[in-house]
Amino acid sequence: GQLMAMTPKMNQHVYPILFAWPGAQVLTYRQASFISASENNRKYFLQMLLSLKAEGITNIHIVSHSLGVQTLMNCFEDNSDGSASQVAQCFGSAPRYGDASLSAQNLGKLVCRSITMLNPDFPVHAFRERGFQSIRRVCSLITVVGDKSDQALFWSSVINGLVNRFGQSQPSSLDFEDRCKQKGIHLQEPLGKNIDLLYVEGDKDQHWDIAEFQRSTQNLVASPSAGREGAKLWLDCDVIDTTGLDTNVNDLRHSAFNVNSILLRDIEELVVSGKRASDRTTLLHKRGNVFEFCHAPSFVKN
């Protein structure tokens, strides 16, 4: 509600709908993770989409925060036979960037105009292995907003690393190939804190058949603004690094999106205009698919 109240342009273009569920506190964090990625949440999210479609809604923008990204990725997780999930089947194929029209094959389907993940608490390796592919099929404007100093995600990585070490299972959407090979205690790297890792390497990422994937999914690897860097192919998404923001950001650094005016304006421009990070006026390109805000720190004075 605060996000919508502080973004007047978005108020004129968007009907906000909050999809929420019972959460948990610090000591029951792991339980909250299972709740977020539960079958019930997937079922109810599908029901919500079908209800919106029945009311004549076509264009959908998805914004998720923290554990909400686990719900999002669980809903879009492919079936065991490799087919798209029921949620993904509600949407047509990803629209071309900047194309506001509906293609013939997308008639009667929902159109996912943007997916924005704020401080996502989701394993970066699981996202690289299969999570990104599952959402990129339906959306061409994917944004990850992260902070390398996010303390909530630091403790998430510690708790998940310890619990995984003692053999407790995770929801399938959060699991990844390399975890099964790890020995000893390893921190689980969350996407929102490890924002420089959104790329693939053909020699190391064997789960990616890059040449075949590019042919079958219209170059979903390699962002137009990022391209190649050595052996790296950057995922076709925009990464916004908020580590340098220091106004209206608390010490936890996990939820600046609802009060920091710089970040709020950028989210507003993203949703209303549909522009990629390379075309938005407040951002500077760092490297690969990573951008940061053109903003002087608070200690800089005239």
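Residues numbered from 1 in each chain as written. Predicted model: local features only at pLDDT ≥ 70, side-chain atom pairs only at ≥ 80, totals over all residues. Heavy atoms only, no water.

A.B. asks: Even after reading the chapter, I still don't get the sheet that holds strand β2 (residues 111-118), so can you show me in this structure?
C.D. replies: Pairing between the strands of a sheet is mediated by backbone hydrogen bonds and can be parallel or antiparallel. A sheet is described by the order of its strands in space; here 6 strands give the open sequence β1-β2-β3-β7-β9-β8, paired in mixed fashion. Sheet topology places β1 (59-65) and β8 (283-287) at the edges, where each strand pairs with a single neighbour. Averaged over all adjacent pairs, the angle separating strand axes in this sheet is 25°, with direction ignored. Running over the sheet, helix α5 (residues 68-76) touches β1 and β2 and is turned about 135° from β1. (Pairing = 2+ DSSP bridges. Helix = DSSP H or I, 4+ residues; strand = E, 2+ residues; numbered from the N terminus. Axes fitted to C-alpha atoms, helices over the stretch in contact; angles between N-to-C directions. Contact = heavy atoms within 4.5 Å.)

A.B. asks: What am I meant to see in the environment of S114 here?
C.D. replies: Along the chain, S114 falls in strand β2. Linking S114 and C139, residues 25 residues apart in sequence, is a C-alpha distance of 6.2 Å. With sequence-adjacent residues up to four places away left out, S114 is seen in contact with I60, H61, I62, C139, L141, L270 and V271. In terms of polar contacts, S114 uses its side chain to reach the side chain of H61, at 2.7 Å. (Polar contact = N/O pair within 3.5 Å; in protein donor to acceptor, adjacent residues only side chain to side chain.)

A.B. asks: I tried to follow the pairing of strand β7 (residues 238-241) on my own but got confused; where do I start?
C.D. replies: When a strand is regular, its side chains alternate between the sheet's two faces. Here β7 shows no split at all, with D238 and I240 on one side and V239 and D241 on the other all buried. Judged from the 4 bridges that link them, strand β3 (residues 142-146) and β7 form a sheet pairing that is parallel. Counted as the bridge partner of T143 is D238 from β7. (Buried < 20%, exposed > 50% of the residue type's maximum accessible area, 1.4 Å probe, protein only.)

A.B. asks: Help me understand empty space enclosed by the protein in this model?
C.D. replies: In this approach the atoms are scanned with a rolling probe the size of a water molecule, which exposes any empty space left behind. For the structure on display, the rule yields 1 cavity of 30 Å³ or more. If you add up the space inside the largest cavity, you get close to 70 Å³. Lining of the largest cavity is provided by N119, V145, D147, T242, L245, V249, R253, A256 and L263. Class assignment for the residues of the lining of the largest cavity results in 5 nonpolar, 2 polar and 2 charged. (1 Å grid on protein atoms, 1.4 Å probe; cavity = no way out; pocket = protein on both sides within 12 Å on 5 of 7 lines; lining within 4 Å. Points joined across faces, edges and corners; volume = space filled by probe spheres on them. Nonpolar A, V, L, I, M, F, W, Y, C, P; charged D, E, K, R; others polar.)

A.B. asks: Which parts of the structure should I look at to understand the nonpolar core?
C.D. replies: The nonpolar side chains of soluble globular proteins are, as a tendency, buried together. The biggest cluster of nonpolar side chains holds 42 residues, and the ones touching the most others in it are F76, F91, M117, F127 and L198. When contributions to this core are tallied by element, the ones reaching two or more residues are α4 (39-54), β1, α5, α6 (86-89), β2, α7 (124-136) and β3. Discounting residues that sit within four places of it in the chain, L198 has contacts with V124, F127, V144, L191, W234, L235, C237, V239 and N289. Ranked by size, the runner-up nonpolar core spans 20 residues in total, among them M4, M10, I240 and L263. (Core = buried A, V, L, I, M, F, W, Y, C linked by side-chain atoms within 4.5 Å.)

A.B. asks: Mind showing me how you'd approach the packing of aromatic side chains here?
C.D. replies: Given two aromatic rings, one states the distance between the centres and the angle between the planes to describe the pair. One pass over the full model with this rule turns up 6 aromatic pairs. Between F19 and F45, the aromatic rings sit 5.3 Å apart at their centres with planes inclined by 80°, giving edge-to-face as the arrangement. Of this pair, F19 sits in the loop between α2 (8-13) and α3 (29-36) while F45 sits in helix α4, and the two are 26 residues apart along the sequence. The exposure class assigned to F19 is partly exposed, which follows from its relative accessible area of 21%. Judged by relative accessible area, F45 falls into the buried class, the value being 8%. A ring pair is formed by F154 and W155, whose centres lie 5.0 Å apart and whose planes are at 75°; its orientation type is edge-to-face. By way of ring pairs, the aromatic residues F19, W21 and F45 are connected into one cluster. (Phe/Tyr/Trp six-rings, centres within 6.5 Å; stacked < 30°, edge-to-face > 60°.)

A.B. asks: Just to check I follow, could you spell out helix α8 (residues 151-165) for this structure?
C.D. replies: Because each turn of an α-helix spans 3.6 residues, side chains separated by three or four positions end up pointing in the same direction. The terminal C-alpha atoms of α8, which comprises 15 residues, lie 21 Å apart, in line with the 21 Å expected from a rise of 1.5 Å per residue. Taken together, the buried positions of α8 are occupied by L153, S156, S157, V158, N160, G161, V163 and N164. Where α8 is buried, its residues contact α3. For α8, the capping residue at the N-terminal end is D150, with a side-chain oxygen 3.0 Å from the backbone nitrogen of A152. One or two residues past the end of α8 sits G167, with phi positive at roughly 85°. (Expected span 1.5 Å × (residues − 1).)

A.B. asks: Even after reading the chapter, I still don't get α3, so can you show me in this structure?
C.D. replies: Taken residue by residue, α3 has Y29, R30, A32, S33 and S36 as its buried positions. Summarising the axial view, the buried residues of α3 lie within an arc of 155°, below the 170-degree limit, and thus occupy one face. Of the surrounding elements, those touching the buried residues of α3 are α4, α5 and α8. (Arc of directions from axis to C-beta.)

A.B. asks: Is there a simple way to think about unusual backbone geometry in this case?
C.D. replies: In this structure, S66 is a non-glycine residue whose phi angle is positive, near 55°. For S66, the position within the fold is in the loop between β1 and α5.

A.B. asks: I would appreciate a short explanation of the pattern of salt bridges in the present structure.
C.D. replies: Side chains that differ in sign of charge can pair as their charged atoms come close. The tally for this structure, following the rule as stated, stands at 11 salt bridges. Of the charged contacts, one joins D78 and R137 as a salt bridge, the two residues approaching to 3.0 Å between their closest N and O atoms. Here the residue D78 occupies a position in the loop between α5 and α6, and R137 occupies one in the loop between α7 and β3, the gap between them amounting to 59 residues. Relative accessible area serves as the criterion here: at 32%, R137 is assigned to the partly exposed category. Shared partners join several salt bridges into a network, and the residues in it are R136, D236, D238 and R276. (Salt bridge = Lys/Arg side-chain N within 4 Å of Asp/Glu carboxyl O.)

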